[in-house]
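# Examining the three-dimensional arrangement
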Amino acid sequence: MSGLTAAPKHGTSAFIVKDGKVLVGQRIGSHGAGSWQLPGGHCEPSEGILQCAVCEVNEETGLNVDGVSILANTYDVFPEHDKHYVTWFVLVALHDLQAAPEAMEPNKCASWE
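Residues numbered from 1 in each chain as written. Predicted model: local features only at pLDDT ≥ 70, side-chain atom pairs only at ≥ 80, totals over all residues. Heavy atoms only, no water.

Per an unreviewed UniProt entry, the protein chain is named Nudix hydrolase domain-containing protein, and its organism is Purpureocillium lilacinum.

Structure below.
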């Protein structure tokens, strides 16, 4: 990977499964507008992978969850932006199965389905 000047950033994408369905949100904005995403985001330097997923789910959906396990990861390179990422896909469990997600960041995500 020549040309990249910084260490990769780490982020999470959380799988919230209820009644055989996975929660996804429709992206708004320049990066991936109109596509569907899992809740997630960048890990802070002091956060573990499961902790990051729990925090990001709460920040984006208002749902309270527990981190269960890491399912997989990907490594993605964006040389045009001099960035590369390791994304950790995490299974999380809802505290309240009756809770409904809210679009806590409406400028980034139109709705959660």
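## A short note on the nonpolar core
It is characteristic of soluble globular proteins that their nonpolar side chains tend to be buried jointly. To keep things clear, this is the line we draw: Buried Ala, Val, Leu, Ile, Met, Phe, Trp, Tyr and Cys residues form a nonpolar core when they are joined through side-chain atoms within 4.5 Å. Buried residues are those whose accessible area, probed at 1.4 Å on protein chains only, stays under 20% of the maximum for their type, while exposed residues exceed 50% and partly exposed ones sit between those limits. Helical segments are the DSSP runs of H or I of at least four residues, strand segments are the runs of E of at least two, and each set is numbered from the N terminus. Contact between two residues is taken to exist if any of their heavy atoms lie within 4.5 Å; hydrogens are not considered.
Counting residues in each nonpolar core, the largest one holds twelve residues, listed as Ala14, Ile16, Leu23, Ala53, Val57, Leu63, Val65, Val90, Val92, Leu94, Cys109 and Trp112. At the level of elements, strand 1 (9-18), helix 1 (49-61), strand 7 (83-94) and strand 8 (109-112) are the ones that each hand at least two residues to this core. Per element, the largest residue contribution to this core is three residues, and it comes from strand 7. Setting aside its immediate chain neighbours within four residues, alanine 53 contacts Thr12, Val90 and Val92.

## Here's the deal with the packing of aromatic side chains
Here is the rule we go by: Side-chain rings of Phe, Tyr and Trp, where Trp is taken by its six-membered ring, are said to pair if the distance between their centres is within 6.5 Å; with planes under 30 degrees apart they count as stacked, over 60 as edge-to-face, and otherwise as tilted.
This structure, assessed with the given rule, holds two aromatic pairs. When the centroid spacing of 6.0 Å and the interplanar angle of 70° are considered together, the rings of phenylalanine 78 and tyrosine 85 count as edge-to-face. On the basis of relative accessible area, tyrosine 85 is assigned to the buried category, the value being 16%.

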